[in-house]
Amino acid sequence: MSQTIPVAGVKPVAQRGKQMFPLAKIIVFILLGILLVTQLYPLLWLLIYSLKNNEEILSGSFFSLPSKLMWSNYTDAIASGNYFKYLLNSLITTTSTMVLVLLLSSLVSFAISRFRWKYGQLVMVLFLIGMMIPMQATLLPLMLIFKEMKILNTLWSLILPYVAFQTPIAVFIMSGFMKSIPHEIEESAVVDGANVLRIFWSVIIPVSIPPMMTVCILTFINIWNEYILAATFISKEALKTLPFGVNSFVSQYSVNYGAIGAYLVLGALPVIVIYFLLADKITKGMVAGAVKG
Amino acid sequence: MNVLRVSKWTIAAFVLPCLIVYVGLVFIPVLVSMYSGLLDWNGIGTSKFVGLDNFKTLLFDDPVFWPSVRRTLMFAVFSMAEIPVALFVAILLNRFVKKPNFFVSAYFMPVILSVVIIGQLWKTIYNPAAMGGMLNQVLEQIGLSSWTHSWLTEPNIAMYSLYFVALWQYLGYHTLIQFTGIQNISADIYEAAKIDGAEGLKADWYITFPMNIPIFKISIVLAFIGSLQAFDMVMVMTAGGPAHATDVISTHMYNMSFLSMKYGYGSSIATFLVALCLLATVVINFIFNRLERKYT
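Bear in mind the structure is a predicted one, so any value in this text is a computation, not a measurement. Throughout, residues of each chain are indexed from 1 in the direction in which the sequence is written. Whichever chain is written first is A, and whichever ligand is written first is 1; the rest continue in order. Given that the model is predicted, a residue must reach a pLDDT of at least 70 before its local features are reported, and side-chain atom pairs must reach 80 or more before they are shown or counted; all residues, however, enter totals for whole chains, interfaces and linings. Side-chain measures were taken over the full set of non-hydrogen atoms in the model, leaving aside hydrogen atoms and water.

1. Considerations on the nonpolar core
Argument step 1. Nonpolar core, defined: a set of buried Ala, Val, Leu, Ile, Met, Phe, Trp, Tyr and Cys residues in which side-chain atoms within 4.5 Å join the residues together. The cut-offs for exposure are 20% and 50% of the maximum accessible area for each residue type, with area from a 1.4 Å probe on protein chains only; residues under the lower value are buried, those over the upper are exposed, and the others partly exposed. One finds F110(A), F115(A), L93(B), F108(B) and W122(B) to be the most contacted residues of the largest nonpolar core, which totals 186 residues.
Argument step 2. As used throughout, domain bounds are those supplied by an automatic or database domain assignment. Viewed by domain, this core spans two of them, domain 1 (13-50) and domain 2 (72-292) of chain A, each represented by three or more residues.
Argument step 3. By size, the runner-up hydrophobic cluster in this structure holds 13 residues, among which are A76(B), I83(B), V221(B) and C277(B).

Printed below as a string of structure tokens:
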């Protein structure tokens with residue numbers, strides 16, 4: 001009997017891999033390697049580009065390393081564009097959005113998944129429809145509404161719609177999770193005399209940390225990177241968020257190529273750093289966020 | 001069965017704050033936009049109710065509109081064509097690589113970057129060689145000078161340059177999604193298939209493909225809806241130019257509303273876009289529900 005007995009916990013895929021020809025394996029690795037280059041080289045190229053001087057950039061040797069690292073590109077970029085100002089604005093906007101999304105959507109999710117009431121399903125459907133609505137279709141009416149409310153050109157004109165557009169997916173993720181919490185938990189809490197707010201705050205929220213993390217990650221990636229709303233509703237230099245700031249800097253500053261590259265690297269840096277720290281959590285969160293419809 | 005019996009006021013306290021923000025800033029604007037689509041209005045002066053005139057102009061008299069719809073749909077087709085590639089990569093990763101998470105995370109890197117960074121990076125890459133553009137420099141150095149182009153300003157290739165950037169950015173996303181899907185298929189099933197003599201490609205055909213249909217749907221919805229909404233990348237890279245050669249539905253809407261100040265007309269395009277998104281979601285769900293019933 002040459003048949004292998006499946007060992008619990010060992011994936012058959014791994015076993016199958018061992019039986020393949022080394023040649024096949026080499027070809028596969030070359031293929032995956034090529035993909036690695038196409039996906040990452042442009043980013044690496046940008047980093048190298050940002051450290052070259054203008055002559056080196058224009059001379060046409062795309063793979064050469066800079067003879068001398070031009071850190072001055074970075075100091076130029078920071079000095080002539082309000083990098084830290086933009087960074088702060090992005091930080092304020094993204095954090096406020098995150099806090100509000102978490103607060104509002106956890107309240108609704110709790111009501112949808114734990115209360116006995118007639119319209120829970122209807123509210124859920126309302127949120128599900130919202131996931132299909134393209135943000136740009138609301139640009140114009142939102143601008144008119146915000147003009148009326150006199151909050152155009154303030155960070156509120158970004159935070160409010162960001163919160164509104166992030167809640168559907170947040171409610172979807174959180175109510176899905178909260179539905180799976182056993183009901184015995186709150187039954188015993190009720191017996192112990194806890195009121196609704198107490199159950200919400202001390203029973204449900206503490207166990208719902210994982211989906212809240214997912215919501216945080218999704219909100220961070222979406223809002224930190226958002227460009228169109230920021231470019232439409234904000235015109236004050238002092239209120240620009242990072243993507244908008246980077247874009248206006250790059251479009252205006254067209255002769256110093258190295259500084260442009262440096263600014264793009266600086267623009268990408270916060271997200272890249274966070275990705276290095278939390279890659280696993282971010283990829284998991286983004287998969288959860290993809291589950292629309 | 002939900003157990004908590006609470007008063008109406010409690011429900012209201014939990015639901016209303018979020019619902020008001022959400023309805024007020026998503027639903028009402030969409031409804032306002034649908035109504036504005038029926039107006040002749042420049043946003044400042046008095047508006048005139050013109051019924052379906054805007055839609056008539058849009059569908060029959062706008063030389064930019066249908067080409068922009070075609071480009072939007074092409075965008076969707078290209079994005080969806082990428083998914084089988086992603087699935088293939090995911091299968092290879094799952095089968096041959098001991099630590100696949102490294103590759104998956106590396107491929108995923110472009111996804112988390114802002115369109116501004118991605119768009120400006122590729123604008124730089126597409127630059128003429130004399131301005132330091134990588135692509136043209138590569139072509140010149142390998143002796144293909146005749147293949148160099150000004151990738152974003154020649155009307156007949158600019159759009160393809162944009163499609164490519166979107167494909168490049170989202171390959172990692174689809175790979176990640178498919179990879180996660182494959183990992184969730186129970187190992188027992190492959191074991192059982194192996195005993196029945198199905199391994200490698202055969203196992204993929206009979207197990208991975210049908211079991212992964214729900215995950216496939218996620219990717220398709222993401223690619224399709226994402227492409228219909230493709231907007232910011234085009235705005236950053238070309239803003240619809242040269243001469244409308246890269247206009248998609250949403251950039252056309254934006255240019256009409258915010259540059260030409262035709263608020264009513266822009267709103268009618270927005271209405272069309274919303275309708276298209278909802279329709280696409282319904283159709284995709286319908287198709288996949290049938291597929292799932294057939295194969296799982």
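Now that the structure is up, let's keep going.
2. Observations regarding the domain arrangement of chain A
Residues and elements named next belong to chain A.
Argument step 1. Segmentation of chain A into domains returns domain 1 (13-50) and domain 2 (72-292).
Argument step 2. Summing the contributions of domain 1 and of domain 2, the shared interface buries around 480 Å²; its carbon and sulfur component is 68%.
Argument step 3. A quick way to say it: buried area is the sum, across both parts, of accessible area lost when two parts are put together, with a 1.4 Å probe. When the buried area of domain 1 at its contact with domain 2 is split by residue, L46, Y49 and S50 rank highest and sum to 86% of it.
Argument step 4. Polar contact is defined as a pair of N or O atoms within 3.5 Å, subject to the rule that within protein one atom must be able to donate a hydrogen and the other to accept it, and that residues adjacent in sequence are counted only when both atoms are side-chain atoms. On the surface where domain 1 and domain 2 come into contact, there are two residue pairs in polar contact (both at pLDDT 80 or more).
Argument step 5. Among the residues making up the side of domain 1 that touches domain 2, the classes are represented as three nonpolar, one polar and no charged. Polar here means any residue other than Ala, Val, Leu, Ile, Met, Phe, Trp, Tyr, Cys and Pro, which are nonpolar, and Asp, Glu, Lys and Arg, which are charged; Gly is therefore polar.

3. Points about the UniProt feature "transmembrane region" (unreviewed entry) in chain B
All names here are of chain B.
Argument step 1. UniProt positions are given in the numbering used here, feature names are shortened, and annotations may be inferred rather than shown by experiment. Mapped onto this numbering, the UniProt entry gives "transmembrane region" (unreviewed entry) at residues 12-32, 73-93, 102-122, 157-176, 220-243 and 263-288.
Argument step 2. Helix and strand definitions follow DSSP, with helices as H or I runs of at least four residues and strands as E runs of at least two, each counted in order from the N terminus. Counting secondary structure, residues 12-32 comes out at 100% helix and 0% strand; the distance between its end C-alpha atoms is 26 Å.
Argument step 3. Secondary structure content for residues 157-176 is 100% helix and 0% strand, and the end C-alpha separation is 30 Å.

4. Re the interface of chain A and chain B
Argument step 1. Residue contacts are counted whenever heavy atoms from the two residues lie within 4.5 Å of one another. Listed as interface residues are 106 residues of chain A and, on the opposing side, 98 residues of chain B.
Argument step 2. Where chain A abuts chain B, roughly 9500 Å² becomes buried across the two surfaces, and 75% of that area is made up of carbon and sulfur atoms.
Argument step 3. Note on definitions: salt bridges are taken to be side-chain nitrogens of Lys or Arg within 4 Å of carboxyl oxygens of Asp or Glu. Joining chain A to chain B, the criterion identifies zero salt bridges.
Argument step 4. At the junction of chain A with chain B, the criterion picks out twelve residue pairs in polar contact (both at pLDDT 80 or more).
Argument step 5. Ranked by the residues each element gives to the side of chain A that touches chain B, the list is headed by helix 2 (residues 22-49) of chain A, at 16 residues.

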